[in-house]
Amino acid sequence: QKEVEQNSGPLSVPEGAIASLNCTYSDRGSQSFFWYRQYSGKSPELIMFIYSNGDKEDGRFTAQLNKASQYVSLLIRDSQPSDSATYLCAAGTGGGNKLTFGTGTQLKVEL
Amino acid sequence: GAVVSQHPSRVICKSGTSVKIECRSLDFQATTMFWYRQFPKQSLMLMATSNEGSKATYEQGVEKDKFLINHASLTLSTLTVTSAHPEDSSFYICSALRDVNQPQHFGDGTRLSIL
């Protein structure tokens, strides 16, 4: 069974710190990886996606992928209280057509 | 950016009612649309994959006669929960895929409450 594992948290970081969110996946056939942010009661919104090994940076966010270790991470620099949400990791197969989601990590950025 | 509209945002109805949820891609033609369900404190679970002009592909354990999907055009997919019961109460979310190897874009979700 294809699985995506995340620590449910909550992960608490002080404002301005770096938040590090981690995810592992079991299906070696996964080709694409996504991080979504979900506020309580809302639908997910895309933060970043990554297809190749290494780092991908976009503003305060950096996604890291290590296919050999089947590991994906998301770093959030200069964390803000508005970053407090649940972050969902998803692994995609078939050109991203089919996503398997993790259960999410709750992030709390404290003043 | 890609915009996906989902309607209605919330439904409260009696047991036995059938509920129809619409998902529209507003500024692009979606090659594929997806329907997910999310129970409280749980992750999104894919229910079915919907392609325009063809039958939806349902995930294991999802009853196709219970959850009817119609994908009439490249911008519209509908999910009908037939004869809904309290256990069908959940957050239903659609997403649309503009092209392969592109991220899915999600609608705002529909919170369904069956009394």
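Residues numbered from 1 in each chain as written. Chains lettered and ligands numbered in written order. Predicted model: local features only at pLDDT ≥ 70, side-chain atom pairs only at ≥ 80, totals over all residues. Heavy atoms only, no water.

> I'm lost on the side chain of Glu 59 of chain B in this one. Help?
Here Glu 59 of chain B lies in the loop between strand E6 (57-58) and strand E7 (67-73). Polar contacts involving the side chain of Glu 59 of chain B include one to the side chain of Lys 98 of chain A, which spans 3.1 Å. (Helix = DSSP H or I, 4+ residues; strand = E, 2+ residues; numbered from the N terminus. Polar contact = N/O pair within 3.5 Å; in protein donor to acceptor, adjacent residues only side chain to side chain.)

> In this structure, what is going on with the sheet that holds strand E6 (residues 54-58) of chain A? I would like to understand it.
Hydrogen bonding along the main chain pairs the strands of a sheet, whether they run parallel or antiparallel. Residues and elements named next belong to chain A. What the five strands build is an open sheet, ordered E1-E3-E8-E7-E6; its pairing is antiparallel. Taken across any chain shown, the strands that pair with only one partner, and hence form the sheet edges, are strand E1 (4-5) and E6. By the bridge criterion, six bridges tie strand E7 (residues 61-66) to strand E8 (residues 71-76) in an arrangement that is antiparallel. Its bridge partner lying in E8, Ala 63 is registered against Leu 74. (Pairing = 2+ DSSP bridges.)

> Any chance you could explain the pairing of strand E8 (residues 76-81) of chain B here in plain terms?
Within a regular strand, side chains alternate between the sheet's two faces. Residue and element names in this part refer to chain B. Of all six residues making up E8, six are buried, and the element is well covered by its neighbours. Of the two faces of E8, the one lined by Leu 76, Thr 78 and Thr 80 and the one lined by Ser 77, Leu 79 and Val 81 are each fully buried. Pairing analysis gives six bridges linking strand E3 (residues 19-25) to E8, with the strands arranged antiparallel. Within E8, the residue paired with Lys 20 across the bridge is Thr 80. Bridge count between E7 and E8: five bridges; the pairing is antiparallel. (Buried < 20%, exposed > 50% of the residue type's maximum accessible area, 1.4 Å probe, protein only.)

> I tried to follow the nonpolar core on my own but got confused; where do I start?
Here is a general trend for soluble globular proteins: nonpolar side chains tend to be buried in one another's company. Residues and elements named next belong to chain B. One finds Trp 35, Phe 67, Leu 79, Tyr 92 and Leu 112 to be the most contacted residues of the largest nonpolar core, which totals 24 residues. Only strand E2 (10-13), E3, strand E4 (32-38), strand E5 (45-51), E7, E8, strand E9 (90-97) and strand E11 (110-114) provide two or more residues apiece to this core. Sequence-distant contacts of Phe 67, defined by excluding residues within four places in its chain, comprise Arg 37, Met 47, Tyr 58, Val 62, Leu 79, Thr 80, Val 81, Asp 88 and Tyr 92. (Core = buried A, V, L, I, M, F, W, Y, C linked by side-chain atoms within 4.5 Å. Contact = heavy atoms within 4.5 Å.)

> Please clarify how the interface of chain B and chain A should be interpreted in this entry.
Often the size quoted for an interface is simply the accessible area lost on bringing the parts together. With 20 residues of chain B in contact, the opposing surface of chain A contributes 19 residues. Both sides of the chain B and chain A interface together cover about 1500 Å² of buried area, and 54% of this is carbon and sulfur. Looking at the side of chain B facing chain A, the largest losses of area belong to Ser 43, Asn 101 and Pro 103 of chain B, adding up to 29% of the total buried there. If you look at where chain B meets chain A, you find one salt bridge. Glu 59 of chain B is the partner of Lys 98 of chain A in a salt bridge, and the nearest nitrogen-oxygen pair spans 3.1 Å. (Buried area = accessible area lost by both parts, 1.4 Å probe. Salt bridge = Lys/Arg side-chain N within 4 Å of Asp/Glu carboxyl O.)

> Where do I start with the pattern of salt bridges in this structure?
Side chains carrying opposite charge are able to pair once their charged atoms draw close together. Residues and elements named next belong to chain A. Per the counting criterion, the structure on display carries seven salt bridges over all chains. Between Arg 37 and Asp 83 there is a salt bridge, with its nearest N and O atoms 4.0 Å apart. One end of the pair, Arg 37, is in strand E4 (residues 32-38); the other, Asp 83, is in the loop between E8 and strand E9 (85-93), with 46 residues separating them in the sequence. Note on Asp 83: relative accessible area 1%, which makes it buried. One network of salt bridges, with partners in common, ties together Arg 37, Glu 45, Arg 60 and Asp 83.

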